[in-house]
Amino acid sequence: MNTGKAGIALGIGISATACGTVKSTSTGKAMNIPYDQQPLPYAYGALEPVIDATTMEIHYTKHAAAYTKNLKDAVQAEGVPGNTRLEEVLMNISKYSAKMRNNAGGHYNHEYFWKSMRARKEFNKPSGKLLTDIETTFNSFDNFKTLFTDAGRNRFGSGWAWLVVDADKKLKIGSTANQDNPLMNVSELKGSPLLGLDVWEHAYYLKYQNRRPEYIENWWSVVNWDFIQQQYQNLV
Ligand code: MN3
């Protein structure tokens, strides 16, 4: 359940804005993710051999689908007005239940994750302004990969590694626990998600077992840099 205060604020709708609901600001251009699970943009086996078809199918139809269903239940139970963007829910997540936090994050993170990947490409890297800015910020693309990989392998337990655009439009690397998302007001890492990597065991265990670093190393070849670059243009 929710705290009493948050429940009241939500119940009186418009006043919620007046008493401190965070509206779209620096993170307002974050990708608009619908509440419904969208079709996977490729076949379950499209990312083989990096991510096997069985892992992909279970991940999409079981894990991710459950986050979507539980998010919808929470939205209904906690009276979120129908026109509220998911990003706004995330930015105000401290006003909602743990169920909302876990499932709004879980749904958003996975919907974004599916779009962030495509069939394997050798020598896969971004180009243009994104590449230049990554090189300026992190010294080199290889060093960026090392730092991002470390964020993923050092995340204890379940969570996500992120490249975000922060409020100053700077690129930043970090990680979040569980299904937290950098748009959340409770997140230590804050910014608009640009690249996110699922490092929960369910994302890789069938093929890689305990070898999370190998999963991350192979994952670089399926990053959809065209999609990421498009998001970057929207954010800066
Ligand atoms: Mn997952």
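In case you missed it, the structure is sitting above this.
Please read all numbers here as calculations on a predicted model, not as lab measurements. The numbers attached to residues start from 1 for each chain and follow its sequence in the written order. Only residues with pLDDT of at least 70 get local features here, since the model is predicted, and only at 80 or more are side-chain atom pairs given and counted; chain-wide, interface and lining totals rely on the full set of residues. The basis for every side-chain value is the complete set of heavy atoms in the structure, and neither hydrogens nor water enter the calculation.

### Remarks on the overall build of the protein chain
Put simply, DSSP marks the helices as runs of H or I at least four residues long and the strands as runs of E at least two long, and each gets a number from the N terminus on. A tally of helices and strands in the protein chain yields ten helices and three strands. Helices and strands appear in the protein chain in the N-to-C order α-α-α-α-α-α-α-β-β-β-α-α-α. Note on classification: 1.4 Å probe, protein chains only; a residue is buried when its accessible area is under 20% of the maximum for its type, exposed when over 50%, partly exposed between these limits. Per-residue burial for the protein chain yields a buried fraction of 50% across its 236 residues. Of the contacts formed within the protein chain by residues at least 6 apart in sequence, a portion of 70% connects residues at least 24 apart. On the protein chain, roughly 11000 Å² of surface is accessible, and the fraction owed to carbon and sulfur atoms is 52%. Only heavy atoms matter for contacts: two residues are in contact if any of them lie within 4.5 Å across the pair. In these tables, accessible area is a Shrake-Rupley quantity obtained with a 1.4 Å probe, and a residue counts as shielded only by the protein chains included in the view.

### Brief notes about empty space enclosed by the protein
Detection works on a 1 Å grid of protein atoms alone, calling trapped sets that fit a 1.4 Å probe cavities and calling open sets with protein on both sides within 12 Å along at least five of seven lines pockets, with lining residues defined by an atom within 4 Å of a point. Grid points are joined across faces, edges and corners, and a volume is the space filled by probe spheres set on the points. This structure, assessed with the given rule, holds one cavity of 30 Å³ or more. As for the largest cavity, its lining consists of Q38, P39, P41, E111, W114 and K115. The nonpolar class holds Ala, Val, Leu, Ile, Met, Phe, Trp, Tyr, Cys and Pro. Asp, Glu, Lys and Arg form the charged class, and all remaining residues, Gly among them, are polar. A per-class count over the lining of the largest cavity returns three nonpolar, one polar and two charged.

### What to know about the pairing of strand β3 (residues 192-198)
A large share of β3 lies buried, amounting to seven of its seven residues. Should DSSP find at least two bridges between two strands, the strands are regarded as paired. Bridge count between strand β1 (residues 159-165) and β3: six bridges; the pairing is antiparallel. Opposite V165, over in β3, you have S192 as the bridge partner.

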